[in-house]
Amino acid sequence: MQLSELELIRREKLNQLRELGINPYPAALYPVNHTSKQIKQNFEEEKKVTIAGRLMSRRIQGKASFAELQDAQGRIQVYFNRDEICQGEDKTLYNDVYKKLLDIGDFVGVEGELFTTQVGEKTVMVKNFTLLSKALKPLPQPRVDAEGNVHDAFTDPEQRYRQRYADLVVNPHVKEVFVKRTRLFNAMRNFFNERGYFEVETPILQPIPGGAAARPFVTHHNSLDIPLYMRIANELYLKRLIVGGFDGVYEFSKNFRNEGMDRTHNPEFTAMEIYVSYKDYNWMMEFCEELLEYCAIQVNGTTEATFGEHKIDFKAAYPRITMADAIKKYTSFDITGKTEAEIRKAAKDLGVPVDDTMGKGKLIDEIFGEKCEGNFIQPTFITDYPKEMSPLCKEHRDNPELTERFELMVCGKEIANAYSELNDPIDQRERFEAQLKLAEKGDDEATQFIDFDFLRALEYGMPPTSGMGIGMDRLIMFLTNNASIQEVLFFPQMRPEKKVVQVELNEEEKAVLETLKKVEKLPLEELKAQSGLSNKKWDKTIKHLTANKLAKVEKIEEVLIVKLL
RNA sequence: GACCUGGUAGCUCAGUUGGUAGAGCACCUCCCUUUUAAGGAGGUGGUCCUGGGUUCGAGCCCCAGCCAGGUCACCA
C-alpha cells in the first residue's frame, strides 16, 4: 500500500505514543456523561463533565489551545491549558502528547469543567484527557468563516458516496438528511401502528418475481437447485396475508430492479406497501393525505417543503382529478368513449411519439406522461387509470374500461400508487394470462410469470381491500430538497473502484534494466539509442526506473549518465 | 445507450502558442496562556485518471479507455 506523507507521519506518531506507554486503541469503557448538545442546553459555570468525540479543529497558541470536539450531537469547544493538564514539572502530556501526537480526526475523551471564554464561547476546560482512538487518515477539513461561508467543503460526489463515512463526519447537513429519513420511517410506522395495522416481513428471495413489471435480479439456490429472484415488489405476499385474515398489513420493502441507474433510480430502493381490508381507493386517498401531512410535520415541523424552485405543501386535502379530465385540461382532447384509432391519431397530432404495438391504455398513458404529468406540482391525486395498464387493480364500479386506481403526483413525479385491489380470482387469472400473451409477443414490460399460488390464495377469498405503495426514497427527496436519490441513500450503488495497479516493470523497462546491468553505467543518449524506444516511451521508461530506485541519472561535466543502483 | 462537462497535493481550486507544476487551507519545525477561517517565520508534499500518438519538449494537442456528474432516451 502506497502511503502519503501525511499517513506516514500519523503512523510514526502511533509508534511514539506507544513508546510513551499510551495505547492508541484502548479497550476500556469511557464514562461519557454529557453530549455537546446537553452542555450547551444546560450550561452551568464550573460544572464537571466527561465527554468524548473526534477532535475536529485546533488553534494552538503556545501554552494554551482551543479545539473543537465533535460528538453525535454536534461540536463543543474545549480548552487545553498546559498547566491545567500538567500540574507537576512534567509537561509531556501537553507539549508532546496533545500538541504533537494528536491529530484532527482522533477520538479523545475529556474530563473537564465548563466555563465561558472572554469572547463568550461555551467551553470545556480540560482537566484530563484520554486518547480513545487514533485516526491514521487525514479527514477533509471544511471550515466555516464569520460570514458563514464554507471553505474547502468536501463536495466531490464520487468521493462523498464512496466514502460516506467521511462525508458524514465532515458534512453536518448530510447527516441531517439521514436523521430526517429515519424520522420519516418512524413517523409512518407510528401512524400505521396507532391505527392497528400490522408490520410484517415477506420474502426477498422469491421463486416468482411478481407485483410489478420490472426486470429482476436472478440468483440460484444450491440445495433446491432452482433459480430465485430478488423481489421487485411485495404486493402479492401482503395480499396473501389479507387472505389469511389480517385487517391491515404493511411492510417497508427493499426492492431490487435490474434496470438503469440515474439520479432517481438505484438498483435497490425502499418502498412501503400497505393493504387494508374492507376499504376502497376513495378511503385510501384520505388516508394517504392524512399520512403525508403527518409525516411532513414529523420530519420538518411543517407541512411545507421546498423542492428546487418549487414550494410544496403537504397539508390535506389534495385535489383529485381523473386521468381523462387531466388530459382534457392540458390537451383539450377528450378520451372518453374514443376508439383506439381515434386516440392514436390524437396522440400523433399532439406530437406524442407512439407506435402500432401500443394498446389503448398505453396510448393514454403516453399522452398523460408527455403532456400532463409535469404540470402537477402540488400534491394531486390522479384517478381512474385505463384497465390494461393495471393488471392487479379492480375494475371501476362505474366504467368497465377504467380501474379504481390513483397515483399521487408531487412536482411532476409519482410518489404513491394505490388500488381498490382486484379480488376476483377468475378475473385475476385472465389478466395474468393476458400479460403472459403480451410477454410471449415480446412486450418486455409484461409480466412473464403467473403466480398460481397467489391465485390459489385469492380463490380462498380475499375481502375487498385497498392497497397503496409509496416510494420512500422519492418521498424523502421531496422532504429534504434533494434532486438525487444518491443523496438520500447512505450507500448508493457505484461502479467498483479501480484496483491500484501494482508497480511492476513492463518489457521495455526490463530490457533497459538488462542493458544497464551489463555495464553499470552508460551515457543517457547511448542507452536511449540502444533501447530503440520512441521519445515518449523512453521518457516513461527511464522515469519509471528512477522513480523505483532501480536507476539514477547524474549530470557529469554536461553529460547525462545513467547509473545502476 | 447517445451527447455534454469534469478528473492536477490530504481538501478546495488555478495553470497563459506546448517550455523547470502553483495558491489557500491541511501537514512538519519554531514563536505565542481565553482563541475561533487565531496570528507570525520557515519548510515538506505531485502516477497532472490510465494507455498510446504528435512534438526537440505534453497537465495543455490528437486517439482509445476508466471513473464521476449532467442532459436525453429507456425504465416505474
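Residues numbered from 1 in each chain as written. Chains lettered and ligands numbered in written order. Predicted model: local features only at pLDDT ≥ 70, side-chain atom pairs only at ≥ 80, totals over all residues. Heavy atoms only, no water.

A.B. asks: Got a minute to help me understand the sheet that holds strand E17 (residues 380–383) in this structure?
C.D. replies: Strand pairing in a sheet is mediated by backbone hydrogen bonds. Such pairs are either parallel or antiparallel. Spatial strand order, E8-E12-E13-E20-E19-E18-E17-E16: eight strands in an open sheet with mixed pairing. One side of each edge strand has no neighbouring strand; the edge strands of this open sheet are strand E8 (198–199) and strand E16 (320–322). In terms of strand pairing, E8 meets strand E12 (residues 248–256) through two bridges, oriented parallel. What sits directly across from Phe198, in E12, is Val249. Across the sheet, helix H10 (residues 323–331) is in contact with E16 and E17; its angle to E16 comes to roughly 85°. (Pairing = 2+ DSSP bridges. Helix = DSSP H or I, 4+ residues; strand = E, 2+ residues; numbered from the N terminus. Contact = heavy atoms within 4.5 Å. Axes fitted to C-alpha atoms, helices over the stretch in contact; angles between N-to-C directions.)

A.B. asks: So what exactly am I meant to see when it comes to H10 here?
C.D. replies: Counting along an α-helix, one turn takes 3.6 residues, and residues three or four places apart therefore face a common direction. Listing the buried residues of H10 in full gives Met323, Ala324, Ala326, Ile327 and Thr331. Burial along H10 is one-sided: seen end-on, the buried residues are contained in an arc of 160°. Phi turns positive one or two residues past the end of H10, at Ser332, with a value near 65°. (Buried < 20%, exposed > 50% of the residue type's maximum accessible area, 1.4 Å probe, protein only. Arc of directions from axis to C-beta.)

A.B. asks: Please explain the nonpolar core as it appears in this structure.
C.D. replies: A general tendency of soluble globular proteins is for nonpolar side chains to be buried together. One finds Met188, Phe192, Ile274, Phe314, Met468 and Ile470 to be the most contacted residues of the largest nonpolar core, which totals 49 residues. Broken down by element, this core gets its largest block of residues, ten residues, from helix H9 (residues 281–300). Core analysis: the next-biggest nonpolar cluster, separate from the first, contains 24 residues, Ile39, Val78, Ile85 and Val126 among them. (Core = buried A, V, L, I, M, F, W, Y, C linked by side-chain atoms within 4.5 Å.)

A.B. asks: Can you help me understand the UniProt feature "binding site: Mg(2+) 2" (unreviewed entry) in chain A in this one?
C.D. replies: Per the UniProt annotation, the sites labelled "binding site: Mg(2+) 2" (unreviewed entry) are Glu414. Taking relative accessible area as the criterion, Glu414 reaches 31% and is therefore assigned partly exposed. If sequence neighbours within four positions are ignored, Glu414 has contacts with Glu407, Leu408, Met409 and Arg474. (UniProt positions renumbered as here; feature names shortened; annotations may be inferred.)

A.B. asks: I keep staring at the pattern of salt bridges and nothing clicks. Help me out?
C.D. replies: When charged atoms on two side chains of opposite charge get close, those side chains can pair. Under the criterion given, the structure shown has 38 salt bridges. With a closest N to O distance of 2.9 Å, Lys345 and Asp349 form a salt bridge. Of this pair, Lys345 and Asp349 both sit in helix H11 (residues 340–349), four residues apart, roughly one helical turn. Arg405 is paired through a salt bridge with Glu407; the nearest N and O atoms lie 2.9 Å apart. Take Arg405: its relative accessible area is 7%, and that puts it in the buried class. Residue classification places Glu407 among the buried residues on the basis of a relative accessible area of 8%. One connected set of salt bridges, linked through shared partners, spans Arg10, Lys13, Asp103, Asp106 and Lys134. (Salt bridge = Lys/Arg side-chain N within 4 Å of Asp/Glu carboxyl O.)

A.B. asks: Even after reading the chapter, I still don't get helix H8 (residues 235–243), so can you show me in this structure?
C.D. replies: Of all nine residues in H8, seven are buried; the element is thus mostly enclosed. Those residues of H8 that sit buried are Glu235, Leu236, Tyr237, Leu238, Lys239, Arg240 and Ile242. Next to the buried residues of H8 lie strand E9 (205–206), E12, strand E13 (268–277), strand E19 (413–420), helix H14 (452–459) and strand E20 (465–471). Positive backbone phi, approximately 115°, marks Gly245, located one or two places after H8.

A.B. asks: Teacher, can you tell me more about the sheet that holds strand E3 (residues 74–81) here?
C.D. replies: Spatially, five strands are ordered E1-E2-E3-E5-E4 in a closed barrel, and the strand pairing comes out mixed. On average, each strand axis in the sheet is tilted by 55° relative to the strand beside it, whichever way the strands run. Across seven bridges, the pairing between strand E1 (residues 48–61) and strand E4 (residues 107–116) is antiparallel. From the neighbouring strand, Lys48 faces E4, where its bridge partner is Glu113.

A.B. asks: Would you mind showing me how to read the packing of H10 against helix H12 (residues 360–371) here?
C.D. replies: Two numbers describe a pair of packed helices, the interaxial angle and the distance between the axes. Relative to each other, H10 and H12 sit at 50°, their axes nearing to 10 Å. In terms of orientation, H10 lies oblique with respect to H12. Between H10 and H12 lies a crossing whose hand is left-handed. Along its contact with H10, which presents Met323, Ala326, Ile327, Tyr330 and Thr331, the element H12 presents Ile364, Ile367, Phe368 and Lys371. Here the contact of H10 with H12 is built from residues that sort into seven nonpolar, one polar and one charged. (Parallel < 35°, antiparallel > 145°, perpendicular 65-115°, else oblique. Left-handed = near helix turned anticlockwise from the far one by under 90°. Nonpolar A, V, L, I, M, F, W, Y, C, P; charged D, E, K, R; others polar.)

A.B. asks: Where do I start with the pairing of strand E5 (residues 122–133) in this structure?
C.D. replies: Strand residues, when the strand is regular, have side chains that alternate between the two faces of the sheet. In this structure, E3 lies alongside E5, joined through three bridges in parallel fashion. Residue pairing across strands places Tyr79 opposite Met125, the latter belonging to E5. Pairing of E4 with E5, which is carried by ten bridges, proceeds in the antiparallel orientation. The partner of Phe115 across the bridge, within E5, is Thr123.

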